[in-house]
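Remarks on the overall topology
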Amino acid sequence: MHAMSGSQIIVLVTPAFLLLMALEWAAGRWRGRPAFRLADAVSSISLGMLSQTSAVFTRVLRLGVYTLAWQVLALWRNDAFWTSAAGWLLALLLYDLCYYWYHRLGHRVAVLWAAHAVHHQSQDYNLSTALRQTSTGALFGWLFYLPMALAGVPPLVFGVVGLIDLLYQFWVHTEQVGRLGWFDRWFCSPSNHRVHHAVNDRYVDKNYGGILIVWDRIFGTFEDEDPREPVVYGTRGLLNSWDPLWANAQVYAGLARDSWHTRSWADKLGVWWRPPGWRPADVARRFPKPAFDITHMPLFNPSMSPALRGFAGLQLVLLLGGVSAFLWQAGDVPLATNAIWFAVLLACQWALGAAMQGRVGMGEALMIEAGALATATSALGLLEWHWLAKPAAMVFAMVAVASCAWQERAAGRFGLNRPRALLLAALLGSLAGDVLLMLPGRFVPGLVSFLLAHLFYIALFRQGGVPWFGQRAALGATLALGAGMYAFLWWGGLPAALRAPVAAYVGVIALMAAQAWSRWDVQRDRAALMVALGACCFMLSDSLLAINRFVTPLPGAQVWVLSSYYAAQALIVGGMLRGPQQRAQAAALGG
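Residues numbered from 1 in each chain as written. Predicted model: local features only at pLDDT ≥ 70, side-chain atom pairs only at ≥ 80, totals over all residues. Heavy atoms only, no water.

**Describing the layout of surface pockets**
Applicable threshold: Both site types are read off a 1 Å grid over the protein atoms alone. A 1.4 Å probe that fits but cannot get out defines a cavity, while an open set with protein on both sides within 12 Å along at least five of seven lines defines a pocket; lining residues have an atom within 4 Å of a point. Grid points are joined across faces, edges and corners, and a volume is the space filled by probe spheres set on the points. Elements are defined by DSSP. Helices are runs of H or I of four residues or more, strands are runs of E of two residues or more, and each kind is numbered from the N terminus. Gly counts as polar in this scheme, as do all residues outside two lists: the nonpolar Ala, Val, Leu, Ile, Met, Phe, Trp, Tyr, Cys and Pro, and the charged Asp, Glu, Lys and Arg.
Quantified by volume, the second largest pocket comes out at close to 1100 Å³. Lining the second largest pocket are 36 residues, and of these Trp113, Arg236, Gly237, Pro276 and Gly277 sit closest to its centre. When contributions to the lining of the second largest pocket are tallied by element, the ones reaching two or more residues are helix 5 (85-108), helix 6 (110-120) and helix 14 (244-261). Broken down by element, the residue count for the lining of the second largest pocket peaks at seven residues, all from helix 14. Within the lining of the second largest pocket, the residues separate by chemical class into 16 nonpolar, twelve polar and eight charged.

**As for the side chain of Asn126**
The criterion, for reference: The definition of a polar contact used here is a pair of N or O atoms within 3.5 Å, where within protein one atom must be able to donate a hydrogen and the other to accept one, and adjacent residues in sequence count solely through side-chain atom pairs. The contact rule is simple, with two residues in contact once any of their heavy atoms fall within 4.5 Å.
You can see Asn126 is positioned in the loop between helix 6 and helix 7 (127-131). Here Ala35 takes part through its backbone oxygen, which lies 2.8 Å from a polar atom of the side chain of Asn126. If near-sequence neighbours (up to four positions away) are discounted, Asn126 is found in contact with Glu24, Ala35, Phe36, His173 and Thr174.

**What about the packing of aromatic side chains?**
Filter applied, for reference: Two aromatic rings from Phe, Tyr or Trp, using only the six-membered ring of Trp, form a pair when their centres are within 6.5 Å; if the ring planes differ by under 30 degrees the pair is stacked, by over 60 it is edge-to-face, and anything between is tilted. Residue exposure (1.4 Å probe, protein chains only): buried if accessible area is under 20% of the type maximum, exposed if over 50%, otherwise partly exposed. Remark: a charge is flagged as sitting over a ring if the NZ atom of Lys or the CZ atom of Arg is within 6 Å of the ring centre and within 35 degrees of the ring normal.
What the rule picks out here adds up to 32 aromatic pairs. Both rings, one in Tyr100 and one in Tyr208, keep their centres 6.0 Å apart while their planes meet at 80°; by these two values the pair is edge-to-face. A residue pair is termed long-range when its members are at least 10 positions apart, and Tyr100 in helix 5 and Tyr208 in the loop between helix 12 (190-196) and helix 13 (214-219) qualify at 108 residues. Here Tyr100 falls in the buried class, since its relative accessible area comes to 0%. Tyr208 sits in the buried class, given a relative accessible area of 1%. An aromatic cluster is present here, built from Tyr66, Tyr95, Tyr102, Phe144, Tyr145 and Phe158 joined pairwise through their rings. When the ring centre of Trp70 is taken as reference, the NZ or CZ atom of Arg77 above it lies at 3.8 Å.

In structure tokens, the structure reads:
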């Protein structure tokens, strides 16, 4: 029987986290100071889940490198001491000291701040904020704990005290606990940590201690909370998003842009290692940013209907179950299997964030999630679940289109017009093709169903005054690619009986992509670009499917074929649903 992993311990304590959050919510309601906003709390918890699931793949940096350093570099090996009461206490003190310096430099070095900023992005301060953790901290974090390896702290002791330090910090993320007298002078407390999360000039970059606040008093970074200056939470570069991927990438992206644009090679490197907020002089001149003003920090709070709030709550419960199952078994399954399920969970988390933000509808979110599940279940041979998930994706897509048409009709706008009807017909053809291709001996009927779906797409992309194949370069490129792929399939052994239907199919999908780019050439907006990229994803998916079926088996074929297929459908549906809205808004602004 192997020892319980840190991930499994997190799973076991999760109910306690949720119970404490419920108590905090109740306390806030009783005091007339609501502690939570649903979307913000869901976003923070989702980022915590992503931090834990991604940690499955960074374990080699977190514990592997430490173990190697301990084996090779330890100056004093005495496991008996380190597993005694005194040894455990000393190891915890050493870890907390190392954490202090890691945390402090995480606020003073830009590339380290890029990882740590995730934890500070929320404009609320509650127990869900404690769960809001980075997914990239392992890139450099292991460096700060090497002194413990040199001191001879065994990996098991290191892992346990690290988990203790992390779990301790959960309870200090609350506004429901006030000052605690003598405790505030020695330990990290809610009052002390509220200061740490502030963007106020007086408070910023203070109180880094994990368990002990004594380190801040020793090294001159302590600041007491002053009731006369209320804390303002968040970061000085507001995130304004519920997207878990963008939350982790935001600061990195800003650093990469500045590094790219500066003309100084020294600054291209220096921008990553200077303090956060520093910018090369030439970049600051060309791309100025307004100075930080604490009085202009609007609360990011997109409106959510009651249905969307219920959807978000249910999705969170399902995600918690899925992540718990993933973390519990992650150490016992192959890395490739973990990667597939991680991608499914990530797709679901992204879809939930996008739905809460209004970037996609609930039907589109369910389509993305069902597509991710269909891809995973096919790749892992879970055929019964695949039979459920694959058609469900297209059903949810049609529900999304019908729901959008219904809402527009109720608002007196577009309703179920010709473009919506063509889109529904294309999705219905895709659904038929999905089902037929799962049945043995139904390849040709499935091919015909998808051919009809693509013909509907071509007609759809012609709507709105778009000329037939007006972008000649795109037409030439897609036909050339199609001809090249068909020649490759012929050379690879395409059966004679399938040469005519496959030729027709290749020609139609090439024309579909060409028409999508013609549409973009006319409309030149984000929605039209999404549709054009979706058509290209269709070409990619069908090419991979044909190569795998007729030429040579491809490694992980089901993952690449289905993921590109569902990306195509999601981009086309999303672009077609949002295109009229974007053009109507642009016309209103122009008027």
